[in-house]
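Structural description and commentary
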Amino acid sequence: MPKQKNSVLSRLPSVDRVLGWPHIGTLCVQNGRALVTEAVRAVLDDVRTEMRESDAGSNQKFSEAHIFEGVERRVALWLTPSLRPVFNLTGTVLHTNLGRALLPEEAIEAMAMAARQASNLEYDIRSGKRGERNSHIDGWVKRLTGADAAVVVNNNAAAVLLVLNTFARRREVPVSRGELIEIGGAFRLPEIMARAGCKLVEIGTTNRTHLKDYRGAITDKTALLMKVHTSNYAVSGFTASVAERQLADLGRDSDIPVVTDLGSGSLVDLTYYGLPDEPTVAGMIEAGVDLVTFSGDKLLGGPQAGIIAGRGDLIARIKKNPLLRALRCDKVTLSALNAVLTMYARPEKLIEKLPTLRLLGRSADDIECVARQVLSAVRRAVGDKYDVDVAACRSQIGSGAMPVDRLESTALRLRSTGASRGSGRALNQLAARLRALPIPVIGRINDDALWLDLRCLEGVDEFLAQIEHLESS
Ligand SMILES: *Cc1c(COP(=O)(O)O)cnc(C)c1O
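This part is about the overall build of the chain. What the chain contains, in helices and strands, is 20 helices and 17 strands. Along the three orthogonal principal directions, the C-alpha set of the chain runs to about 85 × 55 × 50 Å. Per-residue burial over the chain gives 48% buried out of 473 residues. Within the chain, contacts between residues at least 6 apart in sequence are counted, and of these 74% link residues at least 24 apart. Total accessible area on the chain is roughly 23,300 Å²; 48% of this is exposed by carbon and sulfur atoms.

Next comes the structure, spelled out in structure tokens:
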């Protein structure tokens, strides 16, 4: 290292010296000494690295003002909430990475109450005795699905694990090779089965599985007959699978419970709202399935949770499994789930009241109106290096619901023009600028364009306020 640079480096103040500066002292009082010390250390490290790497070895790099600003910025960043709102314009309504279902106001109020105050979470107010946390939802699940009983856990992955562990530990479960699913986020059915302690018996083929395959797999070790809703893909062409009703008959004849992992599992017939058909939990129970597992934050439109609904005697056994204690969900989730389930009492109102259904049910025309409202502002904000137009697109439901069906929607299509026409780099830069907004805007790059699918845009004014920031970025 050149001598000059070395000596510049050696003049960098020590952590203790910086902590002695009066304005850093003020930051310590306001934000806590430990946090500010960590920030000072990090900023000095950065300056040192920058100095070593830069040829110039500029003195300005570590002026007092530069260091102070760096510390202040870092402390502020650490203290802002880590979970931030974003605009989901990806075109995937139930986007797992963006938090899946948005909750209705009724649920948010219920969550705030449960968070703020003591509640009867596990307390029976009438008798003054211990109550059951499940009691806040099982009545509603029974009413809405026709099941005898229900139990709630943290998510559907936990529900599947708990069912398998309760009934099939050290025993066998035949599953069709066409249904050995992997869901995003590393939920792989064979691995969950292994962790639950049960032996997967693969039956049939990828495209065709028949009732005789299940029948042939039954031994005295068979604990459950399982079906899994192939929620994020479709096998098409020369295919065959066994309907729940048939499997339920076989289960009854062989005295083996039948379980279906429905994944999304709707509580209502979605075709009533003009949406694609998705099996309902009630349909499964009616077909004779003994246990159904499904998610709270997919088509149900509630908080993250997993629900197991079905036969009373089987649910009673699940409740005795010590694993339930490890997988149970908290009061905030239960209060939200309770609030959402009560809304299903009036299915005709759900499409307005429940954000998930409202967004899924939005028509392409309605979304096009939104596109027209924001088009000129977006055009202005992105500048003349990009061409912006309104284009038809297709939204996805997401989270594994209805993998093949798409909903007609409308997007702003942003394409680079001039010298960088069709350049992936220009599009990535634009996507990064949109993500860098105070409320990040998340789109999708496809076919040489950045698409902002407006299906999930409800706060137009808030969006326009963000877009204005783009002009100066
Ligand atoms: C989504 C899904 C799961 C996992 O549910 P989580 O609530 O995300 O844990 C399991 N099985 C199927 C079929 C699914 O679609």
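Now that the structure is up, let's keep going.
A word on the pattern of salt bridges. Inspection of the entire model under this criterion finds 24 salt bridges. For the salt bridge of E122 with R328, the shortest nitrogen-to-oxygen distance reads 3.7 Å. One end of the pair, E122, is in the loop between α6 (105–116) and β2 (123–124); the other, R328, is in the loop between α14 (323–327) and α15 (331–343), and 206 residues separate them in sequence. Overall, R328 belongs to the partly exposed group, its relative accessible area being 29%. Linking R372 and E368 is a salt bridge whose minimum nitrogen-to-oxygen distance equals 3.0 Å. Of the two residues, R372 and E368 are both situated in helix α18 (residues 364–382); the distance of four residues between them amounts to about one turn of the helix. What makes E368 partly exposed here is its relative accessible area of 30%. Linked through salt bridges whose partners overlap, the residues forming this network are E122, R130, R133 and R328.

Moving on to the side chain of K298. Note on placement: K298 falls in the loop between β11 (291–295) and β12 (306–310). Although buried, K298 forms no salt bridge, and the nearest oppositely charged side chain, D297, lies 6.6 Å from it. Other than its neighbours up to four places away in sequence, K298 contacts L94, R100, A101, G263, S264, T356 and S399.

With 13 residues, helix α8 (residues 156–168) should reach 18 Å at 1.5 Å per residue; the first-to-last C-alpha distance of 17 Å fits that figure. Burial of α8 is extensive: twelve of the 13 residues sit out of reach of the surface. For α8, the set of buried residues is N156, A158, A159, V160, L161, L162, V163, L164, N165, T166, F167 and A168. Between the side-chain oxygen of the N-cap and the backbone nitrogen of A157 there are 3.4 Å, and the N-cap of α8 in question is N155.

Now for the side chain of N134. Looking at where N134 falls in the secondary structure, it is placed in the loop between β3 (129–130) and α7 (138–145). Residues contacting N134, with those up to four places away along its chain left out, are A150, V151, V152 and K319.

Looking now at the packing of α8 against helix α13 (residues 312–320). One way to put it is that α8 packs onto α13 with a least axis distance of 10 Å and a crossing angle of 95°. Accordingly, the angle class assigned to the pair α8 and α13 is roughly perpendicular. Seen from α8, the contacting residues are L162, V163, T166 and F167; seen from α13, they are L314, R317 and I318. Taken together, the residues of the contact of α8 with α13 break down into five nonpolar, one polar and one charged.

What follows is about the site of the ligand. Near the ligand there are 13 residues, and of these A157, S231, D261, S295 and K298 occur at the shortest range. Residue S295 places a side-chain N or O atom 2.7 Å away from an oxygen atom belonging to the ligand. One of the side-chain nitrogen or oxygen atoms of K298 is found 2.8 Å away from an oxygen atom of the ligand. Expressed as a share of its isolated accessible area of 390 Å², the protein-covered part of the ligand is 95%. Where the shell around the ligand is concerned, the elements lending two or more residues are α8 and β10 (258–263). Among the residues forming the shell around the ligand, the class breakdown is four nonpolar, six polar and three charged.

The biggest cluster of nonpolar side chains holds 58 residues, and the ones touching the most others in it are F294, L300, L341 and Y344. Among the elements that line this core, the one with the most residues is α15, at seven residues. In contact with L341, other than residues within four places in its own chain, are I137, W140, V141, L144, L267 and L300. Judged by nonpolar contacts, the second largest core, of 34 residues, contains F187, I192, I318 and L324.

On the basis of which strands lie adjacent, the open sheet formed by five strands has the order β4-β12-β11-β10-β9 and mixed pairing. In this open sheet, the two strands that pair with only one neighbour each are β4 (149–153) and β9 (225–228). Taken pair by pair, the neighbouring strands of this sheet meet at an average axis angle of 15°, ignoring direction. Relative to β9, helix α11 (residues 244–254) is tilted by about 165°, and along the sheet it contacts β9 and β10.

This next bit is on the packing of aromatic side chains. In the structure shown here, the tally under the stated rule is two aromatic pairs. Consider the rings of Y272 and Y273, whose centres lie 5.0 Å apart with planes at 90°: the pair is edge-to-face. Stacked on the ring of W140, the Lys or Arg R143 has its end atom at 4.4 Å from the ring centre. Geometry around F238 places R208 over its ring, the cationic atom sitting 3.8 Å from the centre.

Further remarks concern the sheet that holds strand β14 (residues 407–416). The strand order across the open sheet built from four strands is β13-β14-β17-β16, with neighbouring strands paired in antiparallel fashion. Whereas interior strands pair on both sides, the edge strands pair on one side only; in this sheet they are β13 (386–395) and β16 (444–446). Here the strands of the sheet are splayed against their neighbours by 35° on average, with no regard to which way each runs. With three bridges connecting them, β16 and strand β17 (residues 449–453) associate as antiparallel partners. By the bridge assignment, I445 is partnered in β17 with L450. The strands touched by helix α19 (residues 424–435) are β13, β14, β16 and β17; relative to β17, the strand with the most contacts, the crossing angle is about 35°.

Residue placement: A392 occurs in strand β13. The class of A392 is exposed, set by a relative accessible area of 68%. C-alpha of A392 to C-alpha of A118: the two residues are 274 residues apart in sequence and 50 Å apart in space. With residues near it in sequence (within four places) discarded, A392 still touches S409 and W451.

How each quantity is defined
Residues numbered from 1 in each chain as written. Predicted model: local features only at pLDDT ≥ 70, side-chain atom pairs only at ≥ 80, totals over all residues. Heavy atoms only, no water. Helix = DSSP H or I, 4+ residues; strand = E, 2+ residues; numbered from the N terminus. Buried < 20%, exposed > 50% of the residue type's maximum accessible area, 1.4 Å probe, protein only. Contact = heavy atoms within 4.5 Å. Areas by Shrake-Rupley, 256 points an atom, 1.4 Å probe, with all protein chains shown as cover. Salt bridge = Lys/Arg side-chain N within 4 Å of Asp/Glu carboxyl O. Lys, Arg positive; Asp, Glu negative; His and termini not counted. Expected span 1.5 Å × (residues − 1). Polar contact = N/O pair within 3.5 Å; in protein donor to acceptor, adjacent residues only side chain to side chain. Axes fitted to C-alpha atoms, helices over the stretch in contact; angles between N-to-C directions. Parallel < 35°, antiparallel > 145°, perpendicular 65-115°, else oblique. Nonpolar A, V, L, I, M, F, W, Y, C, P; charged D, E, K, R; others polar. Near = heavy atom within 4 Å. Core = buried A, V, L, I, M, F, W, Y, C linked by side-chain atoms within 4.5 Å. Pairing = 2+ DSSP bridges. Phe/Tyr/Trp six-rings, centres within 6.5 Å; stacked < 30°, edge-to-face > 60°. Lys NZ or Arg CZ within 6 Å of the ring centre and 35° of its normal.

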